[in-house]
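Residue strings, one per chain:
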Amino acid sequence: MDQYKQNFSEDAMEVIADMEKSLLLMETCPDDAELIQQVFRAMHTLKGNSSMFGFKAITEFTHHLESIYEHIRSGQKKISKEIIDITLDSLDHLTYLVKNEGELDAQRQKNHKNLTVRVVTVLKNILDEPNVESNLFATTVQTSAPENAGLKNYHIVFEPYNEIFYNGTNPVYLLEELQTLGNCTIIPNIDSIPSLQDIEPTYCYTSWDIYLATNVSIDTIREVFVFVEGRCKLEINLLPQSEEPLVQQNENTDYPDETIKDILPAVSKTTVTETGKKNVISSIRVPSERLDNLMSLVSELMTLQAKLGTLTDQNPQSELLAVTESLEKISTRLRDNAFSMCLVPIKNMLNPFNRLVRDLANELNKEIDFVTEGTDTELDKNIMEGLADPIMHLLRNSIDHGIEYPDDRVKAGKKRHGQILFKAFCAGVNVYIEIQDDGKGIDPQKIKDKALQKGIISKDEVLSEKEIFNLIFLPGFSTAEQVSEISGRGVGMDVVKRKIEDIRGQIKITSQLNIGTTITIKLPITVSIIDGLLVKINDVSFVIPLAAVDRCFEAPAVQQLNRFNNLIILDGEQIPFISLSEEFDGKENLSGSQEIILVYYDERRVALIVDNIVGKFQAVLKPLGRYFQNMDHISGATILGDGKIALVLDTNKVIEEYLHQKRLATCQ
């Protein structure tokens, strides 16, 4: 039973999330009938499923909400800000109820009563309005025949598998939901019920033929059965248009008349495509931990493959070489498939952000449009989980400090409504997320003055604009003149940066006064396995992520080094270089065997000098132990084919640390 309750909880959270998304869209499109239908159907589904599991508090509370939206759906009441506000508050409450299986502590009990009173009051006010019928559910099922004119007629065959109850599904609730879509005639088929001694009481033996006259699409009908995909036989057939209404709701009608029977032969001709899909399961739900286990096993496989490669190099037999190559091809395909299964569209994480912008803007009396682009871009689910809190914090800052009050914006010649643009896109092996606001921007001089005041920088220190903006990420740094409940204490941006770096991301700020601020987050698509270059530095193995590498050069090019100002000439261009052997061990490699790796650093390129490039290597990243926790330039470790450990370098951190040390040396 616990498993069924878990299934209910997961389904209910998805239903609530869908409702919240539709409600937020409804604010800008209050007359959108499809959005209203979606909210109503979701409420109906939640009510039915919670009733089946005995969650009385959820059932009763949702019933009141559903009654309000039944009046809206019928056109007798317009959606209003008050109704959307109370519905969103109700969804928060329902989320708590679902997570706690309908149980309420003393404080929540009080909130439950207060919220119920608010909902019932709204419903009562609607019923008190003139021309509003008190029993709309009755009118729904008693729709008169002339209303069928112009509607599409569907014949639905719904045959649940015997074990459908095991998942906690009650087919009757699905039939009830179908009735909300239009005029329905439901015909039970009980021919499959065995004799009494052969009946398995936990099995479902009944199937149904349903004739539905409605104006909704076939996809909308299919949504009713989305949670029983793979657990039933389902055919949805669009019937030829008839001048006479095919379906007439009549409580005394037990079976369809001859008209329906005459039409049935034609149905098979018009629905070949639909029936052809009846046994195809387009998607399945997999628990997140199973994907984590799969990725863990793939990682182990990649490590074993590296060991096999090493053994093959030591024993170069033709048969062993062939097996190694075949295994490498298969494991690479397996790795790519496993990666793709862990990728999730970024739009899945946007619901809380939509809600945050709406609620916080209302609280601060600001007018803000939240616009999204590229939300189909996919990202590893583990990265997505680590990204939610930092983005939430960045949005709060944009709303509180970035976007001006409406009157101030008008005085500055801007539109009254501010805008926050959430933009995601792929470039190479990275995903970029930009949060842009068209607010007042950040004054770099103000940041510099604050840093001087706090003694963070010296008076003579020369900083680029990027370095000035990076001061914002220092712990406790804030230029806010007033501390609010939302932000201004300087606590947060350092945490934002650390959390993004924890998922191997980078963050940077660009801003223009009175134009706005853009925060760019650069992320790897996945964090568990990377392609890298295996290199040797003072006989120690390191891995440099291939995503950061531009080009490699042979040793003769090193002769062009200018050690006076650490510049090297490559292809006629002067490029700064860092000798990693000197940087890590403080001693120069005198063997003369050195090679150069050009890596990207912001919009520039920097040359890293290593002793030797061993070759390309697929690194399975392992977490660092406590001895390396404070070494920012090491982002992880990996196991080589011979069993030794190689550290994975964060080239950006290496370069930043180098520049920081150079700056300190200059100041002294």
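In the annotation of an unreviewed UniProt entry, the protein chain is listed under the name Chemotaxis protein CheA and assigned to Mucilaginibacter ginsenosidivorax.

Quick look at the packing of aromatic side chains now. Summed over the entire model, instances satisfying the criterion amount to 7 aromatic pairs. Taken together, the ring pairs connect Phe158, Trp208 and Phe225 into an aromatic cluster. It is Arg108 that lies over the ring of Tyr96; its NZ or CZ is 4.0 Å from the centre. One cation-aromatic arrangement involves Lys366 over Tyr405; the distance from NZ or CZ to the ring centre is 4.9 Å.

Core analysis: the largest hydrophobic core is formed by 45 residues, its most contacted members being Ile346, Leu387, Ile391, Ile433 and Ile521. Examining the composition of this core, we find that 7 residues originate from one element, helix α14 (residues 381–402), more than from any other. In this structure, Ala12, Ala42, Leu91 and Val119 belong to the second largest nonpolar core, which totals 37 residues.

Now for the sheet that holds strand β22 (residues 645–649). As a general point, the strands of a sheet are linked pairwise by backbone hydrogen bonds and lie either parallel or antiparallel. The strand order across the open sheet formed by 5 strands is β20-β12-β13-β22-β21, and the pairing between neighbours is mixed. The open sheet has two free edges, formed respectively by β20 (612–620) and β21 (634–639), since each of these has just one partner strand. Here the strands of the sheet are splayed against their neighbours by 35° on average, with no regard to which way each runs. The sheet contact formed by strand β12 (residues 529–537) and strand β13 (residues 540–545) spans 6 bridges and is antiparallel. Paired with Leu533 across the two strands is Ile544, which belongs to β13. On top of the sheet, helix α11 (residues 288–314) reaches β12, β20 and β21; it is set at about 150° to β20, its chief contact.

Our next topic: helix α7 (residues 171–179). The complete set of buried residues in α7 reads Pro171, Tyr173, Leu174, Leu175, Glu177 and Leu178. Next to the buried residues of α7 lie α2 (33–52), β1 (152–160), β2 (182–189), β3 (207–214) and α8 (218–224). By the N-cap criterion, in which a side-chain oxygen at the helix start approaches the backbone nitrogen of a residue two or three places on, α7 is capped by Asn170, the distance to Val172 being 3.0 Å.

Another aspect to go through is the pairing of β3. Most of β3 sits inside the fold, with 7 of its 8 residues counted as buried. Across 7 bridges, β1 lies against β3 in antiparallel orientation. The residue of β3 that forms the bridge with Tyr154 is Leu212. Across 8 bridges, β2 lies against β3 in antiparallel orientation. Its bridge partner being in β3, Cys184 is matched across the sheet by Leu212.

In this sheet, strand β8 (residues 418–427) lies alongside strand β6 (residues 368–373) in parallel orientation, the contact comprising 6 bridges. Directly across from Thr372, in β8, lies its bridge partner Phe422. By the bridge criterion, 8 bridges tie β8 to strand β9 (residues 430–437) in an arrangement that is antiparallel. Note that in β9 the partner of Leu421 across the bridge is Gln436.

Turning to the side chain of Glu177, a few remarks are in order. In this structure, Glu177 sits in helix α7. In contact with Glu177, other than residues within four places in its own chain, are Arg41, His44, Thr45 and Val224.

This paragraph deals with a nonpolar patch on the surface. Together, Ile190, Ile193, Leu196 and Ile199 make up an exposed nonpolar region whose accessible area comes to about 390 Å². Here Ile199 is to be found in the loop between β2 and β3. Exposure remark for Ile199: the relative accessible area of 32% places this residue in the partly exposed category.

Attention shifts here to the pattern of salt bridges. Enumeration over the complete set of coordinates arrives at 28 salt bridges. For Arg41, the salt bridge identified is with Glu34, shortest N-O distance 3.6 Å. You can call Glu34 partly exposed: its relative accessible area is 32%. Between Asp89 and Arg118 there is a salt bridge whose closest N-O contact spans 3.3 Å. With Asp89 in helix α4 (residues 81–99) and Arg118 in helix α5 (residues 106–128), this residue pair connects regions lying 29 residues apart in the sequence. Linked through salt bridges whose partners overlap, the residues forming this network are Glu20, Glu27, Lys81, Asp85, Asp92, Arg355, Arg358 and Asp359.

Bringing the environment of Asn354 into the picture now. With respect to the helices and strands, Asn354 occurs in helix α13 (residues 351–363). Between the alpha carbons of Asn354 and Lys21 there is a distance of 8.1 Å; along the sequence they are 333 residues apart. Each residue touching Asn354, except ones within four places of it in the same chain, is listed here: Leu24 and Phe370.

With that out of the way, let us pick up the UniProt feature "modified residue: Phosphohistidine" (unreviewed entry) in the protein chain. Mapped onto this numbering, the UniProt entry gives "modified residue: Phosphohistidine" (unreviewed entry) at His44. The class of His44 is buried, set by a relative accessible area of 12%. The contact partners of His44, leaving out residues within four places of it in the chain, are Glu66, Glu176, Glu177 and Thr180.

Summarising the model, the protein chain shows a mean pLDDT of 80, and 84% of its residues fall at 70 or more. By mean pLDDT, the top-scoring element of the protein chain is β6 (93), and the lowest-scoring one is helix α6 (residues 136–141) (39). Ignoring residues within four places in sequence, the model shows residues 243–278, a span with pLDDT below 50, making 46 contacts including any to other chains.

Quick notes on the rules
Residues numbered from 1 in each chain as written. Predicted model: local features only at pLDDT ≥ 70, side-chain atom pairs only at ≥ 80, totals over all residues. Heavy atoms only, no water. Phe/Tyr/Trp six-rings, centres within 6.5 Å; stacked < 30°, edge-to-face > 60°. Lys NZ or Arg CZ within 6 Å of the ring centre and 35° of its normal. Core = buried A, V, L, I, M, F, W, Y, C linked by side-chain atoms within 4.5 Å. Buried < 20%, exposed > 50% of the residue type's maximum accessible area, 1.4 Å probe, protein only. Helix = DSSP H or I, 4+ residues; strand = E, 2+ residues; numbered from the N terminus. Pairing = 2+ DSSP bridges. Axes fitted to C-alpha atoms, helices over the stretch in contact; angles between N-to-C directions. Contact = heavy atoms within 4.5 Å. Polar contact = N/O pair within 3.5 Å; in protein donor to acceptor, adjacent residues only side chain to side chain. Patch = residues over 30% accessible without salt bridge, like charges linked within 9 Å, V, L, I, M, F, W, Y side chains within 5 Å. Areas by Shrake-Rupley, 256 points an atom, 1.4 Å probe, with all protein chains shown as cover. Salt bridge = Lys/Arg side-chain N within 4 Å of Asp/Glu carboxyl O. UniProt positions renumbered as here; feature names shortened; annotations may be inferred. pLDDT = per-residue confidence, 0-100.

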